[in-house]
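# Coordinate inspection notes
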Amino acid sequence: TIVVITVNPTPTATATPTVNLLCSGDATSIAINSPQAGTIFTWTVSGATGNVVGESACASNCGNLITQTLSLAVGITTPQTITYTITPVGPAPSNCAGTPINVDVTINPVPDATATPVNSSVCSGVATNIALSSSVAGTLFTWTASGSNGNLSGFSNQITPVAGPISQVLTNSGTSSATVTYVITPVFTNGAATCTGTPVTAVVTVNPIPVVTATPN
């Protein structure tokens, strides 16, 4: 009597990328592969799951791509990391379970911005003093600046993110008040992830210096 025993290889798994940095509201795109044909995959999720919305485990018919839209829970303003533990299984009919691998995903907050004051006025030749803040610690800001007419000068854009405040000496060479509008964008950076929030606007009215004339002189 001849007994034939088929020994199937224990499946292995690789995931790409192994480290993921997302902004809240972004979707994962984790590709899973195995050199053993017929391998399928399952996964569980652990870590800061109570602070993250959108993650879920998969026990069957999972496919080879983890695509889940992940967001920070309401009130969470710091980066949170969850871990997908992926187990390769197969090939059929033995369905041997291989060694699990871990893939970390860090979900970063999308910052908000507050400009104080939103509306202000200065005399020509005086610096602005617009404080910038966010509920997300570590947020920096960029801004664009535009004048309501050609008599204004001294304002400029800020391309590189900074902490603030907006302090620019504005000059009005005209004879009537004019405004400079700042559109301020909050930016939070964590490693390779840069998360950009909704811009806010601050308006500065620049009043001209009055000129006194006497007649006759």
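Now for a description of the structure that goes with this document.

With mixed pairing, four strands are arranged side by side in an open sheet as 2-10-9-5. Unpaired on one side and paired on the other, strand 2 (19–23) and strand 5 (40–47) mark the two borders of the sheet. Pairs of neighbouring strands in the sheet enclose a mean axial angle of 25 degrees, with direction left out of account. With five bridges connecting them, strand 2 and strand 10 (residues 101–108) associate as parallel partners. Bridged to Cys23 within strand 10 is Asn108.

So, on to the pairing of strand 4 (residues 30–33). Residues of strand 4 alternate between two faces, with Ile30 and Ile32 buried on one and Ala31 and Asn33 left unburied on the opposite face. In this sheet, strand 4 lies alongside strand 1 (residues 14–16) in antiparallel orientation, the contact comprising three bridges. By the bridge assignment for strand 4, Thr16 is matched with Ala31. Here two bridges tie strand 4 to strand 7 (residues 65–66), and the two strands are oriented antiparallel to one another. Bridge pairing links Ile30 to Ile66 in strand 7.

Right, let's talk about the nonpolar core for a bit. Formed by 19 residues in total, the largest nonpolar core has its most connected members in Trp43, Leu70, Tyr84, Ile86 and Val105. The set of elements that each furnish at least two residues to this core consists of strand 4, strand 5, strand 8 (69–72), strand 9 (80–89) and strand 10. Listed in part, the 18 residues of the second largest apolar core include Leu132, Leu152, Ile166 and Val206.

Moving on, we get to the sheet that holds strand 1. Hydrogen bonds between backbone atoms are what pair the strands of a sheet, whose relative direction is either parallel or antiparallel. Read across the sheet, three strands follow the order 1-4-7 without closing on themselves; strand pairing throughout is antiparallel. Whereas interior strands pair on both sides, the edge strands pair on one side only; in this sheet they are strand 1 and strand 7.

Let us now look at the pairing of strand 15 (residues 140–147). Two strands pair when backbone bridges link them, and strand 15 and strand 19 (residues 178–190) are joined in this way by eight bridges, in the antiparallel orientation. Across the sheet, the residue bridging to Ser146 is Thr181, located in strand 19. Relative to strand 17 (residues 158–162), strand 15 runs antiparallel, the two sharing two bridges. Paired with Trp143 across the bridge in strand 17 is Gln158.

The rules behind these values
- Residues numbered from 1 in each chain as written.
- Predicted model: local features only at pLDDT ≥ 70, side-chain atom pairs only at ≥ 80, totals over all residues.
- Heavy atoms only, no water.
- Pairing = 2+ DSSP bridges.
- Helix = DSSP H or I, 4+ residues; strand = E, 2+ residues; numbered from the N terminus.
- Axes fitted to C-alpha atoms, helices over the stretch in contact; angles between N-to-C directions.
- Buried < 20%, exposed > 50% of the residue type's maximum accessible area, 1.4 Å probe, protein only.
- Core = buried A, V, L, I, M, F, W, Y, C linked by side-chain atoms within 4.5 Å.

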